[in-house]
Amino acid sequence: MADTEAQDRIETVGGDFFRDPQVYYRRWRERGPVLRVQFSEGMPQWVVIGYAEGRAVLADPRLHKSIAGIVEVMRKKDPSVPQDSLGMALSGHMLNSDPPDHTRLRKMVNKAFTTRRVAALRPRIEEITAGLLDRMAEHDEVDLLAAFAIPLPVTVICELLGVPFADREDFQRWTKVMVGVGSDLAERTRCTAEMSEYLAALVQTKRIDPGDDLLSGLTQTREDGDQLTEQELIAMAFLLLIAGHETTVNLIANGTYALLRNKSQFDALRDDPAGVPAAVEEFLRFGSPVDWATVRYTTEPILVGDTEIPADEFVYVALAAANRDPARYRDPENLDLTGDTAGHLAFGHGIHFCVGAPLARVEAEIAFTALLQRFPELSLAPRSDPLRWQPSLLIRGLVELPVLLRQA
């Protein structure tokens, strides 16, 4: 029988949510796996926090993701919303599409992220990692985000796509505004326009003078005659550039932060580097770098668990909550580098499972192995105020991570 209480009761979300969402998730879990929530600046929406229910939603074809449908539902709820409010030029990528469009778009990039292709990148990733650690070694204290967790995956994705590394500050600045919560509308509009113009110019350059990179390859016609349109290319470049580094940045930073707060686990992993691949999976489960999966919407009433979600509703899956569901994982609130991580949802599930997951895993394995070997006495730098987290539903990431590289 459908749970009517969930439809009537709305959970409000305060400004402290981003400091520690798990506080909210633990409280919400007492009500059940599916809830309606509302942030101060938005309309009510549905969020799924249960593991079984979240996994089912992620693979349910009755929940749609097309950008045109998202805008249509939004305008039904608020007719004043302008048609281009979501930055259509950047949003029409495969993560915001349904089959058959999604199938076609994903096929265009799948080959670039196979396990075999990613393995071929390992020597270069190791070289980049070593160079960053060499520069870090010149100091006693560094911000691990700025010195390591950000430049490693950014360098890798820039080289893979053929994006000038010198432009990284611009696209990272645009990204922070576009994935954040509470950004000024004028600022979001400006950043969307600037990034659209930048990527359009980059795509045009690749068409005229293609190189040996993924973005150049995407501008060319396939053997089957298929070719991405100009708008599809811009949107694909946006998705691969942003998703291609943000997840790994926060996997490295969140994992390091969790490890440094658990000295026994740190010592065990430092002394046994063979455990790094399993540890990476626990970092993904415990400190999910993506908090909420991107939005889905209903076109008909659907039952999720015992809760009926009406048509024309937005639905999110809180991956970070599902990955700590005590109904799925034993003692999920504690970091356990040798624990059960099978089936975690950090990379999603179903047809929208993260295409770059193999690359993120290899980058993280290399990063943690080298970091612990190079700085076996690594520790959190003392500070009087708590660390700050990005105000984003999509990204779960620190603003900075000051560390000491060696003991005094």
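See above for the structure.
Residues numbered from 1 in each chain as written. Predicted model: local features only at pLDDT ≥ 70, side-chain atom pairs only at ≥ 80, totals over all residues. Heavy atoms only, no water.

Draft legend 1. Layout of the sheet that holds strand β10 (residues 379-380). With respect to topology, three strands assemble into an open sheet ordered β5-β11-β10, the strand pairing being antiparallel. Lying at the two open borders of the sheet, with one neighbouring strand each, are β5 (141-143) and β10. In this structure, β10 lies alongside strand β11 (residues 402-404), joined through two bridges in antiparallel fashion. Its bridge partner being in β11, L380 is matched across the sheet by V403. (Pairing = 2+ DSSP bridges. Helix = DSSP H or I, 4+ residues; strand = E, 2+ residues; numbered from the N terminus.)

Draft legend 2. Molecular detail of the pattern of salt bridges. Counted according to the given criterion, the structure contains 27 salt bridges. Among the salt bridges present, the one from E159 reaches R124, with a minimum N-O distance of 2.6 Å. In this pair, E159 sits in helix α10 (residues 151-161) while R124 sits in helix α8 (residues 122-136), placing the two residues 35 residues apart along the sequence. The exposure class of R124 is partly exposed, given its relative accessible area of 33%. The salt bridge involving E333 is made with R324; its shortest N-O contact spans 2.9 Å. Judged by its relative accessible area of 27%, E333 is partly exposed. The structure contains a network of salt bridges with shared partners spanning D170, R173, R190 and E194. (Salt bridge = Lys/Arg side-chain N within 4 Å of Asp/Glu carboxyl O. Buried < 20%, exposed > 50% of the residue type's maximum accessible area, 1.4 Å probe, protein only.)

Draft legend 3. Representation of the nonpolar core in the model. Within the largest apolar cluster, 89 residues are counted, with the highest numbers of intra-cluster contacts made by F148, M195 and L199. With residues near it in sequence (within four places) discarded, F148 still touches T129, L132, L133, M136, P153, I252, A367 and L371. In terms of nonpolar packing, the next biggest core, distinct from the first, is built from 25 residues, V13, W28, Y297 and F314 among them. (Core = buried A, V, L, I, M, F, W, Y, C linked by side-chain atoms within 4.5 Å. Contact = heavy atoms within 4.5 Å.)

Draft legend 4. A look at the sheet that holds strand β4 (residues 63-64). A sheet is described by the order of its strands in space; here six strands give the open sequence β1-β2-β3-β9-β6-β4, paired in mixed fashion. Two strands lie at the open edges of the sheet, namely β1 (10-13) and β4, each paired on one side alone. When β4 meets strand β6 (residues 296-298), the two strands line up antiparallel, connected through two bridges. Bridge pairing in β6 places H64 opposite Y297. This element, helix α3 (residues 51-58), spans β3 (45-48), β4, β6 and β9 (314-317) of the sheet and lies at about 120° to β9. Along the sheet face, helix α4 (residues 67-77) touches β6 and β9 and points at about 120° away from the line of β9. (Axes fitted to C-alpha atoms, helices over the stretch in contact; angles between N-to-C directions.)

Draft legend 5. Examining the side chain of T129 more closely. Along the chain, T129 falls in helix α8. Classification of T129 by relative accessible area gives buried; the value is 1%. What T129 contacts, discounting residues up to four positions off in sequence, is F148, L152, I366, A367 and A370.

Draft legend 6. Spotlight on the packing of aromatic side chains. This model, assessed by the stated rule, comprises 16 aromatic pairs. Ring geometry for F18 versus F39: centroids 6.3 Å apart, planes at 20°, classification stacked. Placement of the pair is F18 in the loop between β1 and α2 (21-29) and F39 in strand β2 (residues 34-39), with a sequence separation of 21 residues. Seen from the ring of Y24, R27 lies directly overhead, with NZ or CZ sitting 4.6 Å from the centre. The ring of Y329 is capped by R285, whose NZ or CZ atom sits 5.6 Å from the centre of that ring. (Phe/Tyr/Trp six-rings, centres within 6.5 Å; stacked < 30°, edge-to-face > 60°. Lys NZ or Arg CZ within 6 Å of the ring centre and 35° of its normal.)

Draft legend 7. The arrangement of the packing of helix α6 (residues 101-110) against helix α14 (residues 230-260) in detail. Orientation of α6 relative to α14, taken along the N-to-C sense of each, is 60°, at an axis distance of 12 Å. On the basis of the axis angle, α6 is oblique to α14. Considering how the two elements wind past one another, α6 and α14 form a crossing that is right-handed. On α14, the residues touching R104, L105 and V109 of α6 are E232, M236 and L240. (Parallel < 35°, antiparallel > 145°, perpendicular 65-115°, else oblique. Left-handed = near helix turned anticlockwise from the far one by under 90°.)

Draft legend 8. Here's a closer look at the side chain of R106. Considering the arrangement of structural elements, one finds R106 in helix α6. It turns out R106 is buried and unbridged, and the closest side chain with the opposite charge, D98, is 12 Å from it. In terms of polar contacts, R106 uses its side chain to reach the backbone carbonyl oxygen of I351, at 3.1 Å. Not counting residues within four places of it along the chain, the set of residues in contact with R106 comprises M94, I351, H352, F353, C354 and V355. (Lys, Arg positive; Asp, Glu negative; His and termini not counted. Polar contact = N/O pair within 3.5 Å; in protein donor to acceptor, adjacent residues only side chain to side chain.)

Draft legend 9. Seen up close, the pairing of β3. Residue alternation in β3 divides its side chains into two sets, Q45 and V47 and W46 and V48, and both sets are buried. Relative to β3, β2 is paired through four bridges, and the arrangement is antiparallel. Bridge assignment links L35 to a residue of β3, and that residue is V47. Where β3 meets β9, three bridges bridge the pair, whose relative direction is parallel. Looking at β9, one finds that V47 is bridged to Y316.

Draft legend 10. Structural view of the packing of helix α16 (residues 276-286) against helix α18 (residues 357-374). Closest axis-to-axis distance for the α16/α18 pair is 9 Å, and the angle between their directions is 115°. With respect to their mutual orientation, α16 and α18 come out roughly perpendicular. The hand of the α16/α18 crossing is right-handed. Touching V276, P277, V280, E281 and F283 of α16 are R361, A364, E365, F368 and T369, all from α18. Residue classes in the contact of α16 with α18 are distributed as six nonpolar, one polar and three charged. (Nonpolar A, V, L, I, M, F, W, Y, C, P; charged D, E, K, R; others polar.)

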